[in-house]
Each structure stands twice: as C-alpha cells, then as structure tokens.
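# Examination of the molecular architecture
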Amino acid sequence: MQLIWFRNDLRSLDHAGLHHALNTAEPVVGIFVATESQWQQHDMASIKRDFIYQRVVDLAKKLAKLNIPLIIQTVDNYQQSVEVITDCCQQYPVNAVHICHDYELNEQQRDSLCQQQLDKLNIKLYGYHDNLIFAPNQITKADGDYYKVFTAFKKQWLNAFHQQMPVCFAKPKPQQADFSKYPKLYQQLELALHQADKIDSQLEQIKTVFDYQSEQVANWQDYFICQESQILERLRRFCKEQVADYKKQRDFPLLDATSCLSPYLAVGSISPRQAINRLIAEQGDDVFSAESGSATWLSELIWREFYRHLTAVYPKISKGFAVKSEYQNLNWQNDKTQFKAWCEGKTGFPIVDAAMRQLNQTGWMHNRLRMITASFLVKDLQINWRWGEQYFMRQLIDGDYAANNGGWQWSASTGHDAAPYFRVFNPTTQSERFDPKGLFIKKYCPELEAVPQKYIHQPHAFLKQIKAGGDYPAPLVEHKVARQITLQMYREV
C-alpha cells in the first residue's frame, strides 16, 4: 500500500502525494491525525480547528469517490502522531508514506522523527513542497544565500516562474483496489460514501473533549464555505470577475474586493498552483503587467511564499525571536488594561475598534486593517508585537504562522524587509482614507450609528456635544504623543 498523511494539504485535486501514490498502481490509503494539545500550544483558533474538521469530512467524501479510505485519528502531540503513522505502517502492508512539507520548527522536527522511524521499518518517506510554487532552496542568490528583501526575492521568483511555469496535476481517477479484507478501511469507505454524518459526529465527539470555546465557531459558516468544489468556484469567480479591480479597491474594508481565499490556502484546500493557473487562465498576460489588479494579487501570493521560505530556513522565527536582533529587547510598556481594550475593540479609535470587532465576530480581518491594528498596538500602545501575534492566531480562521509572524514583524519593524521603525500609521488618517464615510466603522461599532460623517473618525467631540456616547470609550492615548514615545523607544536600541 501507499499511505498519504494529510496535514496542511486538505484537498483531493492538484495533490502531488495523491498523484504519485496512485501512479504506483498499489492500493492508496489516506490518514489524517488531529493533534489537539499541540494545536492549543500553537494557539490555533477554535474557528480554524472547526474549519479543519469540516474540511476533513469533505475530503473523506471526495477520497471515497476515488475508492480511497481516509483513516481519522486524534492524539495530543506531534510525537504521538508519528507513532500513529508507524503503527499504521505495521498494521497494513505499507511501502511508502507521502507528505506535504511544513516549514515551522516543530513541524520539521516531527517529520525528521517520522523519517527516522520509517527508515527503521525500511519504508520510504516522500515529501513534496506542494503548498508552494518553489521549494525554499530553489529561490536563492547566486552564492546560495537566501533573500531577505522581498523585491529581490520577487524578481528571482518571477524569473524562475517564467522558466518553468507550474502545471496542476490531472484530476485523479478512482483506483481499483479491493479493501473488503480490511474491515476498518472498508468501514471508513462506506461511512464516507453513505453516512458522512457519522464521521462528522465522530469529530464532534473529539472536539468536546478539549477546551475550545468561541462565539465564532457557532456562526463561522455564515462567512466561509468548506466544500472543495465551492472553494474552487470562489477562486474562479474572483479571478474572472473581481481581480481586475483588486489594486484599486483592496484597501477599502467595506468593499468585497479581496479574494477571501486565505483560509483555504492556509489549510491547503487549494494549492498555489491552482490559484496562479486559474489567474492566468482568466487574465492572460495581464497577470504580468505591473500596474494590473491581477499582478498585484500575484504579488500577494509571492509575499506568502517569501514568508514561508524564511520560516523554513531561519529557525529563530519559529522560536519567537525578533529577526533584527537589536530589537529583541525593546522597552515595551505592556499595559494589560490597554491590551484588553485593544483585543475587545474598545480603544476609542473607531477604525481600530471596528477592525478588532470584525476579527472577534468573524474570525477574519481585512488585510489593510491588520496593518492598522498591528501598528496601533505596537507603536501607539508600545505593547510587545508577540502579544498581538498570539491573539491573532487565537482568533483567525486563516491563521498561518509564517504569514502572521511575518506581518507582525513587518509592522513592528523587527522582521525581514520590515517597515522602518519611524513608519507609524496614524489611525485617524488611515480611517479617513480607507473608510471615508465611516460605513465600515458603523457596521461593527453600532454605538456610533448616529455620528455624522464629519465626526465619525474622531467622534468624541460630537458625542460630548450631544451629551451621549457613554458606551463608546475615550481614546486610550493621544497619537502624536504616543508616536514620539515609540520613536524614542526604538532610538534607544
């Protein structure tokens, strides 16, 4: 048999491991191992965990139609997940295990341990860089060193892309294997084909054992889809109908102008190959025209690769260190009361508060708002960026360690190719520019509904004038003063 260990690659289409395993003509079996305690240690949001389980149910259905059973197990940690894999390899006649690479340190250690254990059993482990266009060692400088500046990385990435454009794997065909002599595998096939609700019920029972509670979980499907066919349709529709306006409209949070595909890329429900091939199929050469909307979205996909490459080759990122060592020990204020107000969307700065409430209510935040809220936490409140990084991971359905860490270190001026320390977003001018009528603000801050557009970005004078606004807090800080404190804090190191 060939065993496919699904982790961050929860899809049945354009899947390298599935493609190569089926090509052996040996029976193919899938396995998914949830690591609940490890997920909690890594601050996985309950909404993302719930999303993963729904994707696993859909994946089991898709694989069953290919006559591929999916084994579902749950354990505490990564070491135990390796034990599950080796036990499975001994229980069934497994010749090879196929995985999609992860790049964070703990995940690399897990796969190294798996390699060691499988070597002892004389079983091959095949790994694929299936959630990247290029493996980390493929985009390097002439001397073999890794790029730390995005512009240079992007240029080399595009050169490599034009030399060898990625092709998606063909849609897999059902295998002819007979699993009737393996009762457990046969039962999983039957459940996925005819009683998928029982798989869903199994996962629900698993979830109740662990303490994941969030108001987001109850209604996340109001905002996000989880079936592979629907996800691919969303990708197609964005590339066909919306991406042309992406460059002009992506910074305005009220508009439905971004792809909202990040949750699916984060868990591998779509591959970057699928995303880029669909983009080119719909937009043609416009994808490589510097000022086009499609080129701007392609650039965002390349940023995603940039952060994953850096995470793969610099273990200090996974250990929570500032990339720029001079900023490792900044004199943070770390006021817990102010941090709580930021988390709850009660800072007194409307755009910051609306953004944080969007995150708390939906499990997702518009990208421009991620930069605004991060800058505010770090450079207005002088709170350690790691606090914000952790909070985001605990809330985001698209929580991706490399991208989240990269974004926070960019905002805090501590990371690779980050914003300079003296770049401090003014939350009021950002609000005026990207939510000029305050409609996004009013959507998430209903207590400001009666505030006229003239005052919406600084509503306190108006609220005081009409002797109202008791439910909306006063500003935590004065931005100009806070900015000077921050600049001095950075200058000192």
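Residues numbered from 1 in each chain as written. Predicted model: local features only at pLDDT ≥ 70, side-chain atom pairs only at ≥ 80, totals over all residues. Heavy atoms only, no water.

### Some thoughts on the overall build of the protein chain
Within the protein chain, the secondary structure is distributed over 24 helices and five strands. Principal axes of the C-alpha set define a box for the protein chain whose edges measure 80 × 55 × 45 Å. Buried residues in the protein chain amount to 56% of all 493 residues. Intrachain contacts of the protein chain at a sequence separation of at least 6 include 77% that bridge at least 24 residues. Approximately 21,800 Å² of the protein chain is accessible, and the part contributed by carbon and sulfur atoms is 48%. The positive charge centre, built from 55 side chains, and the negative charge centre, built from 54, are 4 Å apart in the protein chain. (Helix = DSSP H or I, 4+ residues; strand = E, 2+ residues; numbered from the N terminus. Buried < 20%, exposed > 50% of the residue type's maximum accessible area, 1.4 Å probe, protein only. Contact = heavy atoms within 4.5 Å. Areas by Shrake-Rupley, 256 points an atom, 1.4 Å probe, with all protein chains shown as cover. Lys, Arg positive; Asp, Glu negative; His and termini not counted. Charge placed at Lys NZ, Arg CZ, Asp CG, Glu CD.)

### Some details on helix H14 (residues 293-313)
An α-helix turns once every 3.6 residues. As a result, residues three or four positions apart point the same way. With 21 residues, H14 should cover 30 Å at 1.5 Å per step; its first-to-last C-alpha distance of 31 Å lies within 8% of that length. Most of H14 is tucked away: 18 of the 21 residues are buried. (Expected span 1.5 Å × (residues − 1).)

### Description of the packing of helix H16 (residues 336-344) against helix H19 (residues 385-395)
Pairs of packed helices are described in terms of their axes, by the angle between the two and the distance that separates them. Where H16 meets H19, the axes come as close as 12 Å, and the angle between the chain directions of the two elements is 35 degrees. With respect to the hand of their crossing, H16 and H19 are arranged in right-handed fashion. Between H16 and H19, the residues in contact are Lys336, Phe339, Trp342 and Cys343 and Trp387, Gly388, Tyr391 and Phe392, respectively. The class makeup of the residues in the contact of H16 with H19 is six nonpolar, one polar and one charged. (Axes fitted to C-alpha atoms, helices over the stretch in contact; angles between N-to-C directions. Left-handed = near helix turned anticlockwise from the far one by under 90°. Nonpolar A, V, L, I, M, F, W, Y, C, P; charged D, E, K, R; others polar.)

### A look at the nonpolar core
By size, the foremost hydrophobic cluster in this structure holds 143 residues, and its most contacted members are Phe32, Val97, Trp157, Trp297 and Trp342. A per-element tally of this core places helix H3 (residues 46-65) first, with ten residues. (Core = buried A, V, L, I, M, F, W, Y, C linked by side-chain atoms within 4.5 Å.)

### Notes on the side chain of Arg357
Within the secondary structure, Arg357 is located in helix H17 (residues 350-362). For Arg357, a relative accessible area of 12% puts it in the buried group. Not counting chain neighbours up to four residues away, the residues in contact with Arg357 comprise Glu344, Gly345, Lys346, Tyr444, Cys445, Pro446, Glu447 and Tyr472.

### Brief notes about helix H13 (residues 272-283)
Over its twelve residues, H13 runs 16 Å from end to end, which matches the ideal 16 Å to within 8%, given 1.5 Å per residue. Among the residues of H13, those classed as buried are Pro272, Arg273, Gln274, Ala275, Ile276, Leu279 and Gln283. Buried residues along H13 sit in contact with helix H1 (16-23), helix H6 (150-163), helix H10 (228-242), helix H12 (262-266) and H14. With its phi angle positive at about 60 degrees, Gly284 sits one or two positions after the end of H13.

### What about the sheet that holds strand S3 (residues 70-75)?
Spatially, S3-S2-S1-S4-S5 is the arrangement adopted by the five strands of the open sheet, whose pairing is parallel. Strand pairing shows two members of the sheet lacking a second neighbour, S3 and strand S5 (124-128), which therefore form its edges. Adjacent strand axes in the sheet meet at a mean angle of 25 degrees when their direction is disregarded. Bridge count between strand S1 (residues 2-6) and strand S2 (residues 28-35): five bridges; the pairing is parallel. Of the residues in S2, the one forming a bridge with Trp5 is Ile31. Packing against the sheet, helix H4 (residues 78-91) makes contact with S1, S2, S3 and strand S4 (96-100), and its axis sits at approximately 155 degrees to S2. Where helix H5 (residues 105-120) meets the sheet, it contacts S1, S4 and S5, and its direction lies at approximately 150 degrees from that of S5. (Pairing = 2+ DSSP bridges.)

### Things to note about the packing of H17 against H19
It is the contact of H17 with H19, at a shortest axis distance of 9 Å, that shows an interaxial angle of 40 degrees. Classified by the angle between their axes, H17 and H19 sit oblique to one another. Residues Met356, Leu359 and Asn360 of H17 form the contact with H19, whose own contacting residues are Tyr391, Phe392 and Gln395. Of the residues contributing to the contact of H17 with H19, the split by class is four nonpolar, two polar and no charged. (Parallel < 35°, antiparallel > 145°, perpendicular 65-115°, else oblique.)

### Topic: the pairing of S4
Most of S4 sits out of view: five of its five residues are buried. Side chains of S4 alternate between two faces, with Ala96, His98 and Cys100 and Val97 and Ile99 buried alike. Relative to S4, S1 runs parallel, the two being bridged by three bridges. Counted as the bridge partner of Leu3 is Val97 from S4. With five bridges joining them, S4 and S5 adopt parallel strand pairing.

### Structural notes on the packing of aromatic side chains
What characterises a pair of aromatic rings is the spacing of the ring centres plus the angle enclosed by the ring planes. One pass over the full model with this rule turns up 28 aromatic pairs. When the centroid spacing of 6.1 Å and the interplanar angle of 90 degrees are considered together, the rings of Phe238 and Tyr246 count as edge-to-face. On the basis of relative accessibility, which here comes to 7%, the residue Tyr246 falls in the buried class. Here Phe306 and Tyr307 contribute two aromatic rings whose centre-to-centre distance is 5.8 Å and whose plane-to-plane angle is 40 degrees, an arrangement assigned as tilted. Tyr307 sits in the buried class, given a relative accessible area of 12%. An aromatic cluster is present here, built from Phe339, Trp342, Trp387, Tyr391, Phe392 and Trp408 joined pairwise through their rings. (Phe/Tyr/Trp six-rings, centres within 6.5 Å; stacked < 30°, edge-to-face > 60°.)

### What about unusual backbone geometry?
Of note in the backbone geometry, Asn334 takes a positive phi value of approximately 50 degrees without being a glycine. Among the secondary structure elements, Asn334 is positioned in the loop between helix H15 (315-318) and H16. Classification of Asn334 as partly exposed rests on a relative accessible area of 24%. Positive phi, close to 65 degrees, is recorded for Ser413, a residue that is not glycine. By the element assignment, Ser413 lies in the loop between helix H20 (401-411) and helix H21 (427-434). We classify Ser413 as buried; its relative accessible area is 1%.

None of this, on its own, says anything about what the molecule does.
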